[in-house]
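As a plain string of letters, each chain reads:
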Amino acid sequence: VRQDHHRQGLQGHGRPGYTGRVLIERAFVTGLGSFDAQGINVATSGAVVIRNSVFEATGAMRFSAQGAATLEVRNNELRANNLVTYVASNPDVPVALELNGITTGTKVVQGNRIAAGMLLVKGGNGWQLGGLNAGEGNVLMGPRAVLELYNSAGNKIQGNYLRHDYHGGFSQGFNLYAQGS
């Protein structure tokens, strides 16, 4: 999907066995999914590239790359009004964006702004999360703004700003969480 205009009603789920490339670039994505249904859920052995886009009023998103595919998420904005549900007693929710990278390809997450919910990075080794050059760091600031790594090793986490700001009752209050990594 390559868009320069407002896009509502995008197909949210890739078919099983999909091998094509996923490209979301310069898009304004809104109205996909709900509080109970994912907005986007795509798994592919092709490249996944999401850049320079805005996601608003959209359910949780999951992108998976496998094989030798690259996974690149750069310079996007996930707004605070995305459709994610907070549960004070459960630190594993809400995940606003899940990236699965069981791939030998390059895995880069840079320059993104996430205003609510968690960024969950699962699987695959050697992720570049943020960077040391201007504009490469990710900003996670807001309720349950957490960078979580799960079953991943050899990652570079650099130049990011994480600020958990949760006013919904009890919260564990963590910003960076590595499990099995």
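Numbering of residues begins from 1 in every chain and follows the order in which that chain's sequence is written. A pLDDT threshold of at least 70 governs which residues receive local features in this predicted model, and a stricter bar of 80 or more applies before side-chain atom pairs are shown or counted, although totals over entire chains, interfaces and linings include all residues. Computation of side-chain values: all heavy atoms of the structure, hydrogens and water removed.

Each residue carries a pLDDT value, the predictor's own confidence for that position, ranging from 0 to 100. With 86% of its residues at a pLDDT of 70 or more, the chain has an overall mean of 87. Contact between two residues is taken to exist if any of their heavy atoms lie within 4.5 Å; hydrogens are not considered. Segment residues 1-13: pLDDT under 50, and 30 contacts once partners within four positions in sequence are set aside and those in other chains are kept.

Right, let's get into the nonpolar core. A general tendency of soluble globular proteins is for nonpolar side chains to be buried together. Counting 31 residues, the largest nonpolar core has Ile 24, Ile 40, Phe 55, Phe 63, Leu 97, Leu 99 and Leu 119 as the members making the most contacts within it. The numbering of helices and of strands both runs from the N terminus, where a helix is a DSSP run of H or I of at least 4 residues and a strand a run of E of at least 2. Of all the secondary-structure elements, those providing two or more residues to this core are β2 (22-25), β4 (40-44), β5 (48-51), β7 (61-67), β8 (71-74), β10 (95-103), β13 (118-122) and β16 (147-150). Side-chain atoms within 4.5 Å link the members of a nonpolar core, which is a set of buried Ala, Val, Leu, Ile, Met, Phe, Trp, Tyr and Cys residues. Three exposure classes are used, based on accessible area relative to the maximum for each residue type with a 1.4 Å probe and protein chains only: buried under 20%, partly exposed in between, and exposed over 50%.

This next bit is on the sheet that holds β2. The strand order across the open sheet formed by 6 strands is β2-β5-β8-β11-β14-β17, and the pairing between neighbours is parallel. In this open sheet, the two edge strands, each paired with only one partner strand, are β2 and β17 (156-158). Direction aside, the axes of adjacent strands within the sheet are offset by 5° on average. Two strands make a pair as long as DSSP finds a minimum of two bridges between them. Working convention: axes come from line fits to C-alpha atoms, limited for helices to the stretch in contact. Angles between N-to-C directions cover 0 to 180 degrees.

Spatial ordering of the open sheet is given by β4-β7-β10-β13-β16-β19, a layout of 6 strands whose pairing is parallel. Edge positions in the open sheet fall to β4 and β19 (176-179), since each of these has one partner strand only. Adjacent strand axes in the sheet meet at a mean angle of 10°, parallel and antiparallel pairs treated alike. In this sheet, β13 lies alongside β10 in parallel orientation, the contact comprising 5 bridges. Following the sheet pairing, Glu 98 is matched in β13 by Leu 120.

In this section: the side chain of Ser 64. Within the secondary structure layout, Ser 64 lies in strand β7. The class of Ser 64 is buried, set by a relative accessible area of 12%. Setting aside residues no more than four positions away along its own chain, Ser 64 makes contact with Val 42, Ala 43, Thr 44, Val 48 and Asn 100.

Attention shifts here to the pattern of salt bridges. Any two side chains of opposite charge can pair, on the condition that their charged atoms come close. The term salt bridge refers to a pairing of a side-chain nitrogen on Lys or Arg with a carboxyl oxygen on Asp or Glu at a separation within 4 Å. Throughout the structure, instances matching the rule amount to 8 salt bridges. Between Glu 72 and Arg 51 there is a salt bridge, with the nearest N and O atoms lying 3.2 Å from each other. Pair noted here: Glu 72 is in strand β8 and Arg 51 is in strand β5, with a separation of 21 residues, a long-range link. Taking relative accessible area as the criterion, Glu 72 reaches 17% and is therefore assigned buried. On the accessibility criterion, Arg 51 (23% relative accessible area) is partly exposed. Between Arg 62 and Glu 98 there is a salt bridge whose closest N-O contact spans 3.2 Å. You can see Arg 62 sitting in strand β7 and its partner Glu 98 sitting in strand β10, a full 36 residues away along the chain. In this structure Glu 98 comes out as buried when scored by relative accessible area, which is 9%. In the salt-bridge network here, residues are joined through shared partners; they are Glu 25, Arg 26, Arg 51, Glu 72 and Arg 74.

Most of the time, phi is negative for any residue but glycine, and the peptide bond is trans. In this structure, Ala 57 takes a positive phi of about 50° despite not being glycine. One can find Ala 57 in the loop between β6 (54-56) and β7. In this structure Ala 57 comes out as partly exposed when scored by relative accessible area, which is 23%. For Asn 151, which is not glycine, the phi dihedral falls at a positive 50°. Its place among the elements puts Asn 151 in the loop between β16 and β17. Residue classification places Asn 151 among the partly exposed positions, given a relative accessible area of 40%.

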